[in-house]
Amino acid sequence: MHLVTSKEMREIDRHTIENIGIPALVLMENAGRAIAEEVVRWSEGRGAERRCVSRAPRWLVLVGKGNNGGDGIVCARHLVEQGYEVELLYAVPPEQLGGEAAVQRDIAWRMGLSATVYYADGAPPDWSRWDGIVDALLGTGSAGAPREPYASLIRAANASGLPIVAADVPSGLDADTGEPADPCLRATVTVALAFMKRGLLLYPGAEIAGEVVVRSIGIPTAAAEEREVRTFVLDERTLERRLGVQIPLPRQADTHKGTYGHVLVAAGSRHMSGAGLLCAGAALRSGCGLVTWAVPQLLELTLAGRLPEAMLRGLPDGSTGEWRNIPAAELAVLAAGKQAVAIGPGMARWAGDSAWLRELWDAVDAPLVLDADALNMLADANKLADVPPFAAWPRRASTTVLTPHPGEMARLCGMSVRDVQRDRIGLARQFAVQHDVTLVLKGARTVVATPDSDAYVNTTGNPGMATGGAGDVLAGVIAGLLAQGLTAGQAAAAGVFLHGTAGDLAAAKRPSPGSLIAGDIIHEL
Ligand SMILES: NC(=O)C1=CN([C@@H]2O[C@H](COP(=O)(O)OP(=O)(O)OC[C@H]3O[C@@H](n4cnc5c(N)ncnc54)[C@H](O)[C@@H]3O)[C@@H](O)[C@H]2O)[C@@H](O)CC1
Ligand SMILES: [K+]
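Only a predicted model underlies this, so the values are computations on that prediction, with no experimental measurement involved.

What counts, and where the lines are drawn
Per chain, residues are indexed from 1 in the order of the written sequence. The order in which chains are written sets their letters, starting at A; the order in which ligands are written sets their numbers, starting at 1. Side-chain atom pairs in this predicted model are given and counted only at pLDDT of 80 or more, local residue features only at pLDDT of at least 70, and totals for whole chains, interfaces and linings cover all residues. Note on definitions: a residue is near a molecule or strand provided its C-beta atom, placed from the backbone, lies within 6 Å of it. Helix and strand labels come from DSSP, where a helix needs a run of H or I of at least four residues and a strand needs a run of E of at least two; each type is numbered from the N terminus. Here the nonpolar group is Ala, Val, Leu, Ile, Met, Phe, Trp, Tyr, Cys and Pro; Asp, Glu, Lys and Arg are the charged ones; every other residue, Gly included, is treated as polar. Strands are labelled as partners when DSSP assigns at least two bridges between them. Lines fitted to C-alpha atoms define the axes, with helix axes restricted to the stretch in contact, and inter-axis angles between N-to-C directions lie between 0 and 180 degrees. Residues are defined as contacting one another if the C-beta atoms placed from their backbone atoms lie within 7 Å. Where each domain starts and ends follows an automatic or database-derived domain assignment. Residues with at least 20 neighbouring C-beta atoms inside 10 Å of their own are called buried, those with 12 or fewer are called exposed, and the rest are partly exposed, where every C-beta is derived from the backbone. A set of buried residues qualifies as a nonpolar core if it consists of Ala, Val, Leu, Ile, Met, Phe, Trp, Tyr and Cys joined through C-beta atoms within 7 Å. Working definition: roughly parallel below 35 degrees, roughly antiparallel above 145 degrees, roughly perpendicular at 65 to 115 degrees, and oblique for all remaining angles.

## Quick look at the site of ligand 1
Part 1: Close to ligand 1 lie 30 residues, the nearest being Gly 66, Asn 67, Asn 68, Gly 139 and Gly 141.
Part 2: Those elements that provide at least two residues to the shell around ligand 1 are helix H1 (6-20), helix H2 (24-44) and helix H3 (67-81).
Part 3: Tallying contributions element by element places H3 first for the shell around ligand 1, with five residues.
Part 4: Class assignment of the residues belonging to the shell around ligand 1 gives a composition of 14 nonpolar, 11 polar and five charged.

## Things to note about the sheet that holds strand S11 (residues 262-266)
Part 1: If you trace the 10 strands from one edge of the open sheet to the other, you get S10-S19-S18-S17-S16-S15-S14-S11-S12-S13, paired in mixed fashion. Edge strands, defined here as strands with exactly one partner in the open sheet, are strand S10 (231-234) and strand S13 (311-315). Direction aside, the axes of adjacent strands within the sheet are offset by 20° on average.
Part 2: Across four bridges, S11 lies against strand S14 (residues 340-343) in parallel orientation. Pairing of Ala 266 across the sheet is with Ile 343, part of S14.
Part 3: With respect to the sheet, helix H19 (residues 488-508) is in contact with S10, strand S16 (400-402), strand S17 (438-441), strand S18 (447-449) and strand S19 (455-458), its orientation differing from that of S17 by roughly 20°.

## Comments concerning the domain arrangement of the protein
Part 1: Domain boundaries assigned for the protein yield domain 1 (3-229) and domain 2 (242-250 + 257-524).
Part 2: Between domain 1 and domain 2, the C-alpha centre-to-centre distance is 43 Å.
Part 3: Contacts between the two partners involve five residues from domain 1, matched on the other side by four residues from domain 2.
Part 4: Broken down by class, the residue content of the side of domain 1 that touches domain 2 amounts to four nonpolar, no polar and one charged.

## Digging into helix H14 (residues 373-381)
Part 1: Across the nine residues that make up H14, a large majority, seven, are buried.
Part 2: Among the residues of H14, those classed as buried are Asp 373, Ala 374, Leu 375, Asn 376, Met 377, Leu 378 and Ala 381.

## Section: unusual backbone geometry
Part 1: Across the junction of Asp 182 and Pro 183, the peptide omega takes the value 5°, indicating a cis bond.
Part 2: Along the chain, the position of Pro 183 falls in the loop between strand S6 (164-167) and strand S7 (189-193).
Part 3: At the junction of Ile 247 and Pro 248, the peptide bond is cis and its omega measures out at -5° in the coordinates.
Part 4: In this model, Asp 168 sits at a positive phi of 70°, which is unusual for a non-glycine residue.
Part 5: Positionally, Asp 168 belongs in the loop between S6 and S7.
Part 6: At Ser 319, a residue that is not glycine, the phi angle is positive and equals roughly 55°.
Part 7: Counting through the fold element by element, Ser 319 comes out in the loop between S13 and helix H12 (328-335).

## Some points on the sheet that holds strand S2 (residues 58-63)
Part 1: The sheet built from seven strands is open, its strands ordered S4-S3-S2-S5-S6-S7-S9 with parallel pairing. At either margin of the open sheet sits one strand with a lone partner, and together these are strand S4 (114-117) and strand S9 (211-215). Strand-to-strand twist across the sheet, computed as the mean angle between neighbouring axes with direction ignored, equals 20°.
Part 2: Here strand S5 (residues 132-136) pairs with S6 via three bridges, running parallel. Residue Ile 133 lies in a different strand from S6, and its bridge partner there is Ile 164.

## A word on the nonpolar core
Part 1: By size, the foremost hydrophobic cluster in this structure holds 166 residues, and its most contacted members are Val 61, Leu 62, Val 265 and Ala 342.
Part 2: With 11 residues, H19 is the largest single contributor of residues to this core.
Part 3: Mapped onto the domain boundaries, this core takes at least three residues apiece from domain 1 (3-229) and domain 2 (242-250 + 257-524).
Part 4: In this structure, Ala 342 is in contact with Val 263, Val 265, Ala 266, Ala 267, Cys 279, Ala 283, Val 369, Asp 371, Ala 475, Gly 476 and Ala 479, ignoring residues within four places of it in sequence.

## Regarding the environment of Ala 494
Part 1: On the secondary structure map, Ala 494 appears in helix H19.
Part 2: A residue is classified by how many C-beta atoms lie within 10 Å of it, and Ala 494, with 25 of them, is buried.
Part 3: For the pair formed by Ala 494 and Val 169, sequence separation is 325 residues and the distance between their alpha carbons is 29 Å.
Part 4: If we skip the residues at most four places from it in the chain, Ala 494 touches Leu 239, Val 245, Ile 247, Leu 481 and Leu 486.

## A few points about the packing of helix H13 (residues 353-363) against H14
Part 1: Put simply, H13 and H14 touch, their axes get as near as 8 Å, and they point 105° apart. Judged by the inter-axis angle, H13 sits roughly perpendicular to H14. Residues Asp 353, Ser 354, Leu 357 and Arg 358 of H13 form the contact with H14, whose participating residues are Ala 374, Met 377, Leu 378, Asp 380 and Ala 381.
Part 2: Looking at the contact of H13 with H14 residue by residue, the class counts come to five nonpolar, one polar and three charged.

## As for the environment of Ala 455
Part 1: Position of Ala 455 among the secondary structure elements: in strand S19.
Part 2: Since 21 C-beta atoms lie within 10 Å of it, Ala 455 is described here as buried.
Part 3: As for Ala 455 and Ala 428, which are separated by 27 residues in sequence, their C-alpha atoms are 7.9 Å apart.
Part 4: Not counting chain neighbours up to four residues away, the residues in contact with Ala 455 comprise Arg 230, Thr 231, Ile 425, Ala 428, Arg 429, Val 447, Val 448 and Ala 449.

Below, the structure written as structure tokens:
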């Protein structure tokens, strides 16, 4: 499913109306009807407990000046047809409506729909008369914080305690960033028209929008392709239809462990051996045939048998238990013939580690996953005199996946975490294209960006996954999927989606998500 900005949505609308020839009024009719259907669905479901069943449901529709308001008027008509008692509350004098919204206003008037006008300095609506509210004040045409009289109406609606179904976007929410203005309407349900808007998926918008339902209004999906929308909601459908990944990955009967690839995990050191354990364990659970787990030699005996399915390889470490004494060439030899290599979790840092990683960057032929400490080694290359900056590292013949959390991304880009979070999709995409890597920017709604400029925003996962080791698990899953022959984009997207799904399953089994630990995610893979 495409994930659009307001600007893209406007272009798609225009293209549909002007080039394809579907009249704007037809789209508005479909939009309003879809919103009405969602009101009915909500009323008959969860809303039924709240209201008196011996009378018709009563809903107040808040109507703004633009096309969002027009959608609201159409919605009101369809609710009346369903036997609802409905009133329109215009936020501006109805004469001010124009275009298709004015056409809807006149239809409503001729049909005798009851309507009043709201004034910021007048009496507030008597909310006790209503069972619910439709918010059709502001949609994708909104700019800046809602002005009066919208502002006081939004505040009053929020304070009413009534369920609110928002048309397209909750009024006051930035449809592109998910940032709420002051005030911003808090919706129970948001009916996203035609396509999912970025601000409904990104936090805090995802929370403000309540349950989000995307409803088709007759705009063909091809119109989004035509306008070159390259951002997608990462769900099972996108994985299957856009990325060609079938979940679960198909397994032929007549195969052996060699069929599913061999992963090398270079992770864990004296104080952080668990990171390697989680990474290698997750790689095994993702379905690859074999995992070799490389560790500093001192740890070998202690770790023996902890993950019996993996092959443990201790590398000469001068009896330190640290990677600092292990030449890059030793690891490169081990990487030969592997189908994927994951480097970084729990590795720790040492003087000269950026140059060490730079050597492996060239020497490893297999697809590479860099996580945690390896990402900081990359970032530091930008500051050191003896290593070229990351942007100058040669393009690898094989694929590379980087999996930074916002802090690591900030270091990689030389900016603040706040700036990283401001435009996660844009930044991830720009980085992936510029450096020819697949970038996984972790966090609530992880973004996967590919070098060919596609971006995917994940829908799975929960706050319980904000726990030590969860990232090591993700790196292992992505490496495991790469080893099975998935492309970097496929493996990163499927890995992120499955990691989140496993986290959701794990959280559902716990009394509260906060008690989830990284190992639980592996069990659910
Ligand atoms: N053909 C189309 O473009 C379609 C649009 N649709 C609906 O139309 C919406 C977009 O319509 P519009 O572009 O008319 O825009 P909106 O209806 O979102 O609002 C724009 C109007 O609100 C005013 N406004 C903007 N920011 C404001 C603020 N901060 N405070 C107070 N007033 C403000 C503007 O003066 C303008 O008149 C979509 O969200 C969707 O609901 C649907 O009807 C489907 C078809
Ligand atoms: K709205």
